[in-house]
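Residue strings, one per chain:
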Amino acid sequence: MYVCGITPYDATHLGHANTYLAFDLAYRVWRDAGHEVHYTQNATDVDDPLLERAQATGTPWQDLAEREIDLFRSDMEALRILPPREYVGVTEVVDQIAELIGRLTERGATYVLDGDVYFSVSAAPKFGAVSGYSEETMIELFAERGGDPARPGKRHPLDWLLWRAERPGEPSWPSPFGPGRPGWHVECTAIALRNLGTGFDVSGGGSDLIFPHHEMGACEGHVATGEWPFARAYVHAGMVGLDGAKMSKSKGNLVFVSRLRETADPMAVRLALLAHHYRDDWEWTPDQLAEAEARLARWRAAVARPAGPDAAPVLAEVRERLAGDLDAPAALALVDAWAAAGGDDSAAPALVRDLTDALLGVAL
């Protein structure tokens, strides 16, 4: 499994947590089924938003990235989101990314514009297979999500940047194409290819990555290797909103995990997120945390009892619900029902404590 990581220029917000929790559930379900899971995640530790924030705050971009990555990992740990086997920063693998761009160039898939290296969409026979979007929709989303469809001199509006030639005041690395730094989409392709190869099971992230990020990365992998699919399944978590708009750093309408942790039990925060199906878009309101805190208290009181109802059917049904597209809300309802009932099975509370820990990631 490969899950696209953060661009570390601001603290972890609930939209991030919602996404990584979704793939944490998949990770837990696979492990519970006895699978060995190879999970890789990147960090985009050099990119335009990071450099812009560093300049605005007068902070060296390397220090800003390191600080926010550390905070992200501590937030994930507090929420009991299992770490991947590899966390890979882009700055660690620039040579590998340049090597991949070289392979794409050898296959005639690139061209140079004012020193920048672009991928030519005409070289991607599977372009559109991941998203299924129309070209009109693609161009609109490309403009909204970091692309440059209107740049003069491009062969096609949807051609995308692989290597950005050095600009004054920006970090750069040597490469066969001249000094510069990687474009956004190619970094994940290179990291996934190096760690997982092609045809891995799941490529994941938020639904805003369907296009352009996952579409373009899949095409790079296909052209570079000749193998399709790049990933067998593309899985996307829904967007979390606040005050009527998607929660995002650019809008500034954020609820930070680190701030919630100051006053709330992280397990209540996790339960508040689990109350929504991972694919759904939803809006955060403070009452959801209060409801989660009450649920957490009920569950803890129930597993502290000397006995309870037989929990073996609950374990089987929770497994079944999570196997059905990670239906966490249905799984929570099963534990709610168990906690509200009475019984005389002295082994049941420990079993429920273990299943909530292992499968739902909630420590009671």
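Shown above is the structure to which this text applies.
Please read all numbers here as calculations on a predicted model, not as lab measurements. (Residues numbered from 1 in each chain as written. Predicted model: local features only at pLDDT ≥ 70, side-chain atom pairs only at ≥ 80, totals over all residues. Heavy atoms only, no water.)

What follows is about the overall build of the protein chain. Counting its regular elements, the protein chain contains 13 helices and twelve strands. Relative to a compact globule of 364 residues, whose C-alpha radius of gyration would be 21 Å, the protein chain shows 22 Å and is just as compact. Summarising its shape, the C-alpha atoms of the protein chain cover approximately 75 × 45 × 35 Å along the three principal directions. Across the 364 residues in the protein chain, those meeting the buried criterion constitute 55%. In the protein chain, once contacts between residues fewer than 6 apart in sequence are set aside, the share between residues at least 24 apart is 78%. In the protein chain, 33 side chains carry a positive charge and 54 a negative one; their mean positions are 1 Å apart. (Helix = DSSP H or I, 4+ residues; strand = E, 2+ residues; numbered from the N terminus. Rg over C-alpha atoms; globule rule 2.2 N^0.38 Å. Buried < 20%, exposed > 50% of the residue type's maximum accessible area, 1.4 Å probe, protein only. Contact = heavy atoms within 4.5 Å. Lys, Arg positive; Asp, Glu negative; His and termini not counted. Charge placed at Lys NZ, Arg CZ, Asp CG, Glu CD.)

Turning to the pattern of salt bridges, a few remarks are in order. Scanning the entire structure with this criterion turns up 23 salt bridges. Residues Arg80 and Asp357 are paired through a salt bridge, measuring 2.9 Å at the closest nitrogen-oxygen approach. Taken as a pair, Arg80 in the loop between helix H3 (61-78) and strand S3 (86-89) and Asp357 in helix H13 (residues 348-360) lie far apart in primary sequence, 277 residues in all. Judged by relative accessible area, Arg80 falls into the partly exposed class, the value being 26%. (Salt bridge = Lys/Arg side-chain N within 4 Å of Asp/Glu carboxyl O.)

This part takes up the packing of aromatic side chains. Given two aromatic rings, their pairing is described by the distance between the two centres and the angle made by the two planes. This model, assessed by the stated rule, comprises eleven aromatic pairs. Geometrically, the ring pair formed by Tyr111 and Tyr118 is stacked, given 5.9 Å between the ring centres and 15 degrees between the ring planes. You can call Tyr111 buried: its relative accessible area is 6%. Among the residues examined, Tyr118 registers a relative accessible area of 0% and is labelled buried. (Phe/Tyr/Trp six-rings, centres within 6.5 Å; stacked < 30°, edge-to-face > 60°.)

The end-to-end C-alpha distance of helix H1 (residues 14-32) is 26 Å, a good match for the 27 Å that 19 residues give at a rise of 1.5 Å each. Two residues or fewer after H1 comes Gly34, characterised by a positive phi angle close to 95 degrees. (Expected span 1.5 Å × (residues − 1).)

On to the sheet that holds strand S7 (residues 180-182). One open sheet holds the four strands; their spatial order is S4-S5-S6-S7, and the pairing between them is antiparallel. Both edges of this open sheet fall to strand S4 (110-113) and S7, since each of them pairs with a single strand only. The average angle at which neighbouring strand axes cross in this sheet is 25 degrees, direction not considered. Strand direction decides the pairing type here: S4 and strand S5 (residues 116-119), joined by four bridges, are antiparallel. From the neighbouring strand, Thr110 faces S5, where its bridge partner is Phe119. In the packing of helix H4 (residues 94-106) onto the sheet, contacts are made with S4, S5, strand S6 (160-165) and S7, and the angle to S6 comes to roughly 125 degrees. (Pairing = 2+ DSSP bridges. Axes fitted to C-alpha atoms, helices over the stretch in contact; angles between N-to-C directions.)

Time to look at the packing of H4 against helix H7 (residues 210-225). Packing of H4 against H7 leaves a shortest axis separation of 9 Å and a crossing angle of 65 degrees. The two elements H4 and H7 cross, and the hand of that crossing is left-handed. Together, Leu100, Arg103 and Leu104 of H4 and Glu220, Val223, Ala224 and Thr225 of H7 make up the contact between the two elements. The class makeup of the residues in the contact of H4 with H7 is four nonpolar, one polar and two charged. (Left-handed = near helix turned anticlockwise from the far one by under 90°. Nonpolar A, V, L, I, M, F, W, Y, C, P; charged D, E, K, R; others polar.)

This paragraph deals with the environment of Gly244. Looking at the secondary structure, you find Gly244 in the loop between strand S10 (240-242) and strand S11 (245-246). Put simply, Gly244 and Glu283 are 39 residues apart on the chain and 7.4 Å apart in space, counted from C-alpha to C-alpha.

With that settled, the discussion passes to the environment of Asn42. Checked against the element boundaries, Asn42 lands in strand S2 (residues 40-43). For the pair Asn42 and Cys188, spaced 146 residues apart in sequence, the C-alpha separation works out to 7.0 Å. Contacts of Asn42, omitting those with residues within four sequence positions, involve Tyr2, Val3, Cys4, Gly5, Ile6, Val88, Glu187, Cys188 and Ile191. Of note is the side chain of Asn42, whose polar atom sits 3.4 Å from the side chain of Tyr2. (Polar contact = N/O pair within 3.5 Å; in protein donor to acceptor, adjacent residues only side chain to side chain.)

Most often, soluble globular proteins have nonpolar side chains that are buried together. Counting 67 residues, the largest nonpolar core has Leu14, Leu274, Trp284, Val318, Trp338 and Leu360 as the members making the most contacts within it. At ten residues, the largest contribution of residues to this core is made by H1. Once residues within four sequence positions are removed from consideration, Val318 is found in contact with Ala331, Leu334, Val335, Leu355 and Leu359. (Core = buried A, V, L, I, M, F, W, Y, C linked by side-chain atoms within 4.5 Å.)

The strand order across the open sheet formed by five strands is S3-S2-S1-S8-S9, and the pairing between neighbours is parallel. Looking along the sheet, the strands with just one partner apiece sit at the ends: S3 and strand S9 (231-237). Alignment of strand S8 (residues 200-206) against S9, held across six bridges, turns out to be parallel. Bridged to Gly204 within S9 is Val235.

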